[in-house]
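Structural description and commentary
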Amino acid sequence: MKETVVLLVSFCVGAVPFSYLVAQSVAGADLRTVGNGTVSGTALYRVAGFLPLVVGGVLDVVKGLPGVMLADGAPVLAAFAAFAAVAGHNWSPFIGGAGGRGLSPAMGALLVVAWPGTVLLLGGLALGRLANHTGLSTFLSLLVLPWLLLLTHGSAAMLAGWLIIIPILMKRMVGNSRLPRTPDRPRMVTRRLLFDNDGLTGTP
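Residues numbered from 1 in each chain as written. Predicted model: local features only at pLDDT ≥ 70, side-chain atom pairs only at ≥ 80, totals over all residues. Heavy atoms only, no water.

1. Focus: unusual backbone geometry
Excluding glycine, residues mostly have negative phi values, and the peptide bonds linking residues are mostly trans. Phi at Asp72 takes a positive value of approximately 55°, unusual for a residue other than glycine. Mapped onto the fold, Asp72 is located in the loop between helix H5 (65-70) and helix H6 (75-90). Looking at Asp72, the relative accessible area reads 62%, which means it is exposed. You will see that Asn132, though not glycine, has its phi angle at about 60°, which is positive. Considering the arrangement of structural elements, one finds Asn132 in the loop between helix H8 (115-131) and helix H9 (134-153). Judged by its relative accessible area of 66%, Asn132 is exposed. (Helix = DSSP H or I, 4+ residues; strand = E, 2+ residues; numbered from the N terminus. Buried < 20%, exposed > 50% of the residue type's maximum accessible area, 1.4 Å probe, protein only.)

Quick look at the structure:
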């Protein structure tokens, strides 16, 4: 029973679309119609500016915490709670299954599970911004994540790492638009995975 409650709470809290709500309240904008349709901090910044981005970003990170904390030190349950929070964020039922890429709630959950994972993902984002290759840098950070957590916090933390990257990479692959059935389809799938864009339109 406890396990079900923890996972349900983690998913539902993770599904609260804070960036979407901030954009609605500040700018009257629906982030699902902005840019590539990802409900993300980048889209929030485009429509509302820096301060709303900070507010929405912090809330999206914090929502990764409650479910993991409710696991009360049970490492395997905490790992699955982290997965649930990221999945809720990526496919929020509150906005018709839309969502972001999951990095913010992942960083929040990892603050409890294994803080070096948060540092790794944040560093990957920062380096990607500087190099203008955020998609690739975050992909490489995700590949390193489970092994870093194994070294710093053991096998249960490694499990959390794998469970976190699964919905993140799935969302990159699925994107916000269907892949056209063309000879370029394999290349587009690869670009979505590595660079988080199709290579044709420049958007996921």
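So that's the structure; there's more coming.
2. Section: the pattern of salt bridges
Under the defined criterion, the tally for this structure stands at 3 salt bridges. A salt bridge links Asp30 to Arg32; the nearest nitrogen and oxygen atoms lie 3.0 Å apart. According to the relative accessible area criterion, Arg32 is partly exposed, its value standing at 35%. Among the salt bridges present, the one from Arg101 reaches Asp196, with a minimum N-O distance of 3.1 Å. Here the residue Arg101 occupies a position in the loop between H6 and helix H7 (103-113), and Asp196 occupies one in the segment after helix H11 (185-195), the gap between them amounting to 95 residues. (Salt bridge = Lys/Arg side-chain N within 4 Å of Asp/Glu carboxyl O.)

3. Thoughts on the packing of helix H2 (residues 18-27) against helix H3 (residues 41-48)
Where H2 contacts H3, the axes come no closer than 10 Å and their chain directions differ by 5°. One way to sum up the angle between H2 and H3 is to call them roughly parallel. Counting all contacts with H2, which are made through Ser19, Val22, Ala23, Val26 and Ala27, the residues of H3 involved are Gly41, Leu44, Val47 and Ala48. (Axes fitted to C-alpha atoms, helices over the stretch in contact; angles between N-to-C directions. Parallel < 35°, antiparallel > 145°, perpendicular 65-115°, else oblique. Contact = heavy atoms within 4.5 Å.)

4. Side note on a nonpolar patch on the surface
Together, Tyr45, Phe50, Leu51, Val54, Val55, Val58, Leu59 and Val62 make up a nonpolar patch on the protein surface, roughly 720 Å² of accessible area in all. The leading source of residues in the nonpolar patch is helix H4 (residues 50-62), at 7 residues. By the secondary structure assignment, Leu59 is in helix H4. (Patch = residues over 30% accessible without salt bridge, like charges linked within 9 Å, V, L, I, M, F, W, Y side chains within 5 Å. Areas by Shrake-Rupley, 256 points an atom, 1.4 Å probe, with all protein chains shown as cover.)

5. Side note on the packing of H7 against H8
Two elements in contact, H7 and H8, have axes whose closest approach is 6 Å; the angle formed by their N-to-C orientations is 150°. Between H7 and H8, the interaxial angle falls into the category roughly antiparallel. Contact residues: Leu103, Ala106, Met107, Leu110, Leu111 and Val113 in H7; Trp115, Gly117, Thr118, Leu121, Leu122 and Leu125 in H8. Per-class residue counts for the contact of H7 with H8 are 10 nonpolar, 2 polar and no charged. (Nonpolar A, V, L, I, M, F, W, Y, C, P; charged D, E, K, R; others polar.)

6. Observations concerning H9
With 20 residues, H9 extends 27 Å from end C-alpha to end C-alpha; this agrees with the ideal 28 Å at 1.5 Å per step. Of all the bends in H9, the greatest, near 35°, is centred on Leu145, and the proline Pro146 appears no more than four residues after it. Of the residues making up H9, those classed as buried are Gly135, Ser137, Thr138, Phe139, Ser141, Leu142, Leu145, Pro146 and Leu149. The inward-facing, buried residues of H9 contact H7, H8, helix H10 (155-174) and H11. Count one or two residues on from H9 and you reach Gly154, which has phi positive near 95°. (Expected span 1.5 Å × (residues − 1). Bend = angle between axes of the 7 residues up to and from the residue.)

7. Remarks on the nonpolar core
Within soluble globular proteins, side chains that are nonpolar generally end up buried alongside one another. Counting residues in each nonpolar core, the largest one holds 29 residues, and the members touching the most others are Val68, Leu110, Val113, Leu121, Leu142, Ile164 and Ile168. Contributing elements (two or more residues each) for this core: H6, H7, H8, H9 and H10. When residues in this core are grouped by element, the largest group, 7 residues, is from H10. Counting 10 residues, the second largest nonpolar core, distinct from the first, contains Val22, Leu31, Val39 and Leu44. (Core = buried A, V, L, I, M, F, W, Y, C linked by side-chain atoms within 4.5 Å.)

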